[in-house]
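Next come the chains, spelled out residue by residue.
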Amino acid sequence: MPIPTPEQCEGLLASHNTPETTVIHSRIVRDVARRIGRDLKWLRDRGPNLALISAGALLHDIAKGQEDHAAAGAAILREEGYAEVADIVAAHNDLEYSGELPVTEKEIVFIADKLVKGDQMVTVIYMYDHKIDACGNDTQKINNLKRRKETALRIKTSIEHETGKNLEELAIAED
C-alpha cells in the first residue's frame, strides 16, 4: 500500500486549503506520534511503521471544519489512493481499543492527537476533562467523550506498560 511522503502530505494539506493553524497542530501531532512510534519500534522486533504514523498524523485533520471531518478526511485520502492512511484518519477521533493487543499506528496517532490541543502539549486527562466541561448538559456528548477518554487511557496505559515511560514525558522527549 502506498504511503505519501512528507512532501506529498504537505501538498495534500495545501491543495485542500487546510488552515495554517491546523497544519501547525498536525505537525506537532506528527512529532509526538513519531516519538511514541520510535520507542515502540525500538522495543519490538517489528514495530509500527513510522512513515505510516507520520502520514496519518500529518493528514489526520485534512478535512477539519467539515462535518465529521475524520470520515471526510478518510474519503479524500481513499480517493488519492492512500487507503491505509485513510483508515488512521477515519479513526483519529473515535476507535475501539480493549487494551489486550499492542498498540498500532492507529492508536498511536489517536493518542498523539489527544496530547496536542492547538499548538500546545496537554495531558490526556486535561484534553477530555476540558471537552467534557464544555458540553454543558448534553448527556450524549458527555457519555461519548467519557467513553473516548476511557479508550485513550487504555492506550496510554498500554504504551506506558510497554515502554516503561510516562506517555506525556515520552511525547515531549527530545528527538
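Quick note: structure is the one above.
Summarised in this report is the structure supplied together with it. The model shown is predicted, which means the values in this text are computed figures rather than measured ones.

1. Considering the packing of helix α3 (residues 50–59) against helix α6 (residues 105–114)
Line of reasoning, step 1. Direction vectors running N to C along α3 and α6 enclose 40 degrees, while the axes themselves pass 9 Å from each other. Considered as vectors, α3 and α6 are oriented oblique to each other. Along this stretch, α3 crosses α6, giving a crossing that reads as right-handed. Seen from α3, the contacting residues are Leu52, Ile53, Gly56 and Ala57; seen from α6, they are Glu105, Ile108 and Val109.

2. Details of the packing of α6 against helix α8 (residues 139–163)
Line of reasoning, step 1. Remark: α6 packs on α8, axes separated minimally by 10 Å, with the N-to-C direction vectors making an angle of 110 degrees. The orientation of α6 relative to α8 falls into the category roughly perpendicular. Considering how the two elements wind past one another, α6 and α8 form a crossing that is left-handed. Each of Glu107, Phe110 and Ile111 in α6 lies in contact with α8, whose residues at this interface are Arg148, Thr151, Ala152, Ile155, Lys156 and Ile159.
Line of reasoning, step 2. Each residue belonging to the contact of α6 with α8 can be placed in one class, and the counts come to five nonpolar, one polar and three charged.

Rules used in this analysis
- Residues numbered from 1 in each chain as written.
- Predicted model: local features only at pLDDT ≥ 70, side-chain atom pairs only at ≥ 80, totals over all residues.
- Heavy atoms only, no water.
- Axes fitted to C-alpha atoms, helices over the stretch in contact; angles between N-to-C directions.
- Helix = DSSP H or I, 4+ residues; strand = E, 2+ residues; numbered from the N terminus.
- Parallel < 35°, antiparallel > 145°, perpendicular 65-115°, else oblique.
- Left-handed = near helix turned anticlockwise from the far one by under 90°.
- Contact = heavy atoms within 4.5 Å.
- Nonpolar A, V, L, I, M, F, W, Y, C, P; charged D, E, K, R; others polar.

Geometry only, nothing functional implied.
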